[in-house]
There are 2 protein chains.
Amino acid sequence: MLTQRQLLILQVIIDDFIESAHPVGSRVISKNGKIPFSAATIRNEMADLEEMGFLEKTHSSSGRIPSEKGYRYYVDHLMAPIPEDAGVNVIKHVIQDGFFEFEQLVQMSAEVLSKLTNYTSIILGPELVETKLKQIQIIALSDHTAVAILVTNTGHVEHRSFSIPIEMNPADLEKMVNILNEKLQGVSIIRLSEVFQTEITSLMQKYIRDFDKSYDYLKEIFFNEHPVKLYIGGKSNILMQPEFNDVDKIRSFFSMIENEDKMASLIKRTKDGIKVTIGNENKAEAIKDLSLITASYQLGENQMGTIALLGPTRMEYRKVITLLHVLSNEMTDALDMWYKNNE
Amino acid sequence: MLTQRQLLILQVIIDDFIESAHPVGSRVISKNGKIPFSAATIRNEMADLEEMGFLEKTHSSSGRIPSEKGYRYYVDHLMAPIPEDAGVNVIKHVIQDGFFEFEQLVQMSAEVLSKLTNYTSIILGPELVETKLKQIQIIALSDHTAVAILVTNTGHVEHRSFSIPIEMNPADLEKMVNILNEKLQGVSIIRLSEVFQTEITSLMQKYIRDFDKSYDYLKEIFFNEHPVKLYIGGKSNILMQPEFNDVDKIRSFFSMIENEDKMASLIKRTKDGIKVTIGNENKAEAIKDLSLITASYQLGENQMGTIALLGPTRMEYRKVITLLHVLSNEMTDALDMWYKNNE
DNA sequence: TATTAGCACTCGGAAGGTAAGAGTGCTAAC
DNA sequence: GTTAGCACTCTTACCTTCCGAGTGCTAATA
């Protein structure tokens, strides 16, 4: 449907525009060497490409910029694979340097990604499907206060301080911890509150004096929703992009990015593989003039989380996709190893 | 030195400018009712106030805006105490609602402060002077990995996963934990690494087989610098201020605020009480056109940390100072109680 | 003597006009 | 099929003009 020459022209225009952010004129293309035709010829082809919807003009006598359809075609068919990018090694290096727990890995990844790309990175997860409770500890800080600590098989630690009800004596506290550990060890984190309610409550009521009065504190610990955590890196990177030269755009970008729920729902539905959504392809109103690229990282067969990059539609798709690909694989490998160790 | 009328005029101008962000003209002042003189009279006074350095013009025929000297005078002598502010109750409410540990208190405070003021809040600390180690636990996750957990008397929990060296057997691990707990309980967090090195190392070498090989992991836990933590709230609030209508200003603001070390050093030197630094009074180049207001919160006689607000020199000093005052007291009280509980 | 009315003057900002430059579309020639 | 040439379009920068807000000063007034 598109001639070889048209493909080439489209590619050159998009590559050029991604780099320069300026509309591309026919003269520039004919001079750059890749296409041995005159500006006039290229102009004709450009007119055709525009008619087919791959290019746009900002005004009647401007050069061309890619349309969203143009970007889509570019991403699907035209993008030359990136030869070698220094970023790939940076990512490998950072991940293989080791990490102490899931969250650290995720946070480091978000940072490195935003630094390498100058876009905003969003990392979701890891989801807690495979995460199981390893141990519960309650440590008294004083006569009236204590801290409860939950450790998972992935090395994640959650903790919460609380006041000890006066009715409860140390022996009871100890009994309680024993019951909790016995019944909850190995239980998946997401099932914790359920099991707690069905199996623990009655048992506790039986053995612990005045259990009902202490119940509230424990409940807080276990019914705490363990929300999927969101890491956003390079929030202000967007300021470097020329399309954000307008204070209102900056404002609306920040007000969007600071709504964590919205951000999480934005990238939640990713399946396996890398997915690119360009401009209006995004369902969320707030990012209809941005592009979002998501990739998932995995543990075994269960999806665990999602990495994403948010930037202008004029994004360095080639580079970004390469980097996301590498990072996703590296994270999957790293988590795999980590998980096997903690099985 | 300044007549009563001049004081009144200065006050009205500053109040008006703080609210409107527009230069204040003589007509507006004479019409607002507080000063029963004609615009011409007020003009004369304004000229005098300008000559004395309290006011400035943006151009030869503009209304007046306060100079930094003007703001300084206003803050020191002129500011009418705020009658009642809804924010005071919000703060009290939030703090008295309870918290589970220091960090949560601090974080909540930063958030509430930036929300109430629309400026950027910075909270430093709490410093760890009074914080002592309560207990150390090492929990094995698998044959090869474990997580070390440090609990302080303030309910703070630090943790770190590490690989167990193959040479070390479970009995050794247990022995190690016992030694650590025995020697380190009650030791101040900031002295932890010191005590570890002088008292623990030799003991360990004596009792634990192949201790040298596991040393590195432990070291990481105890030599980890326990940095003073910095909480910044409302980073993008500054976008609401009309003085940040320029992308370059926004850029430089964000690049400053993201440098945590710099921010920490900015507000570190605060003594007791509330301190206002206006524009060029700030030593740091980056905030020479902003105002910074700091207050410290305390525990007993040891200063613990600092709360600060960063905004344009055209700041609502009255409101901000009131709120900081209240917050500082509330935090001090809350920490006092908390600390007594955990003594 | 302190205050005020009146007025000429200044400056910023919005609105409109012009010229240069980049780029197009079309036509006609190669 | 390709290209040179040219008229045309639109943006951008720059200049001019005009209005309004506000000033400083002078002279009149209480």
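Residues numbered from 1 in each chain as written. Chains lettered and ligands numbered in written order. Predicted model: local features only at pLDDT ≥ 70, side-chain atom pairs only at ≥ 80, totals over all residues. Heavy atoms only, no water.

Peer 1: What is the right way to read the pairing of strand β9 (residues 290–299) of chain B from this model?
Peer 2: A regular strand places its side chains so that they alternate between the two faces of the sheet. Residues and elements named next belong to chain B. Taking burial as the measure, the 10 residues of β9 include 10 buried ones, the bulk of the element. Bridge count between strand β8 (residues 274–278) and β9: 5 bridges; the pairing is antiparallel. Bridging from a neighbouring strand, I278 pairs with S291 of β9. (Buried < 20%, exposed > 50% of the residue type's maximum accessible area, 1.4 Å probe, protein only. Helix = DSSP H or I, 4+ residues; strand = E, 2+ residues; numbered from the N terminus. Pairing = 2+ DSSP bridges.)

Peer 1: Would you mind showing me how to read the pattern of salt bridges here?
Peer 2: Opposite charge on two side chains permits them to pair, given that their charged atoms come into close proximity. As enumerated under the stated definition, the model contains 16 salt bridges over all chains in all. Between R5 of chain B and E45 of chain B there is a salt bridge, with its nearest N and O atoms 2.7 Å apart. Note that R5 of chain B is positioned in helix α1 (residues 4–20) and E45 of chain B in helix α3 (residues 39–51), a separation of 40 residues in sequence. Notably, a salt bridge pairs E243 of chain B with R314 of chain B, separated by 2.6 Å at the nearest N-O pair. Here R314 of chain B lies in the loop between β10 (302–312) and α12 (317–341) and E243 of chain B lies in the loop between β7 (230–233) and α10 (247–257), a separation of 71 residues in the sequence. One salt-bridge network, in which partners are shared between bridges, spans R72, D76 and E281 of chain A. (Salt bridge = Lys/Arg side-chain N within 4 Å of Asp/Glu carboxyl O.)

Peer 1: Which parts of the structure should I look at to understand the sheet that holds strand β6 (residues 157–163) of chain A?
Peer 2: Sheet strands pair by backbone hydrogen bonding; their relative direction is either parallel or antiparallel. Residue and element names in this part refer to chain A. Across the sheet, which stays open at both edges, the 3 strands sit in the order β4-β5-β6 with antiparallel pairing between neighbours. Because the sheet does not close on itself, it has two edges, and the strands there are β4 (133–140) and β6. If you compare each strand with its neighbour and ignore which way they point, the axes differ by 15° on average. Judged from the 7 bridges that link them, strand β5 (residues 145–152) and β6 form a sheet pairing that is antiparallel. Bridge pairing links V147 to S161 in β6. (Axes fitted to C-alpha atoms, helices over the stretch in contact; angles between N-to-C directions.)

Peer 1: Is there a simple way to think about the domain arrangement of chain A in this case?
Peer 2: The accessible area lost on association of the parts is a frequent measure of interface size. All names here are of chain A. Considered domain by domain, chain A is made up of domain 1 (4–78), domain 2 (86–127 + 228–341) and domain 3 (133–223). Relative placement of domain 1 and domain 2: their C-alpha centres are 29 Å apart. Tallying the contact residues gives 9 residues for domain 1 and 15 residues for domain 2. Across the domain 1/domain 2 interface, buried area totals approximately 980 Å², and carbon plus sulfur atoms make up 63% of it. A per-residue breakdown of the area domain 1 buries against domain 2 is headed by I18, E68 and R72, which together make up 51% of the total. Scanning the region where domain 1 abuts domain 2 turns up 1 salt bridge. The closest approach of N and O atoms between R72 and E281, which form a salt bridge, is 2.6 Å. Along the contact surface separating domain 1 from domain 2 lie 4 residue pairs in polar contact (both at pLDDT 80 or more). Taken together, the elements giving at least two residues each to the side of domain 1 that touches domain 2 come down to α1 (4–20) and α4 (68–78). (Domains from an automatic or database assignment. Contact = heavy atoms within 4.5 Å. Buried area = accessible area lost by both parts, 1.4 Å probe. Polar contact = N/O pair within 3.5 Å; in protein donor to acceptor, adjacent residues only side chain to side chain.)

Peer 1: Where do I start with the nonpolar core in this structure?
Peer 2: Soluble, globular proteins show a tendency: their nonpolar side chains are buried together. Residues and elements named next belong to chain B. Core analysis: the biggest nonpolar cluster contains 58 residues, and I29 and Y317 have the highest contact counts within it. Ranked by residues supplied to this core, first place goes to α12 with 12 residues. The residue makeup of this core includes at least three contributed by each of domain 1 (4–78) and domain 2 (86–127 + 228–341). (Core = buried A, V, L, I, M, F, W, Y, C linked by side-chain atoms within 4.5 Å.)

Peer 1: Even after reading the chapter, I still don't get the relation of the copies chain B and chain A, so can you show me in this structure?
Peer 2: Note on the identical chains: chain B maps onto chain A by a rotation of 180° and an axial translation of 0.0 Å, with an RMSD of 0.2 Å. Those values place the two copies in the arrangement expected of a two-fold rotation axis. When C-alpha distances to the rotation axis are compared across chain B, the minimum falls at V247 of chain B, with a value of 3.2 Å. In this assembly the copies share their binding face: 100% of the residues contributing to the interface of chain B also contribute to that of chain A. (Least-squares fit on C-alpha atoms with pLDDT ≥ 70 in both.)

Peer 1: Explanation requested: the environment of Q6 of chain B in the structure shown.
Peer 2: All names here are of chain B. Topologically, Q6 is positioned in helix α1. If we skip the residues at most four places from it in the chain, Q6 touches M1, E45, D48, L49 and M52. Within polar-contact distance, the side chain of Q6 engages the backbone nitrogen of T3 at 3.0 Å.

Peer 1: Before we go on, may I ask you to explain the protein's contact with DNA strand D in this structure?
Peer 2: The environment of DNA strand D is made up of 19 residues, and the closest members are S38, T41, S60 and S61 of chain A together with S26 of chain B. Atoms of DNA strand D within 4 Å of the protein belong to the sugar or the phosphate in 76% of instances, the rest to bases. In the environment of DNA strand D, a sugar or linking oxygen lies 3.4 Å from a nitrogen or oxygen atom belonging to the side chain of H59 of chain A. In the environment of DNA strand D, a sugar or linking oxygen lies 3.5 Å from a nitrogen or oxygen atom belonging to the backbone of S61 of chain B. Here the surface near DNA strand D takes 4 residues from helix α3 (residues 39–51) of chain A, the largest share from any one element. Among the residues forming the surface near DNA strand D, the class breakdown is 3 nonpolar, 11 polar and 5 charged. (Near = heavy atom within 4 Å. Nonpolar A, V, L, I, M, F, W, Y, C, P; charged D, E, K, R; others polar.)

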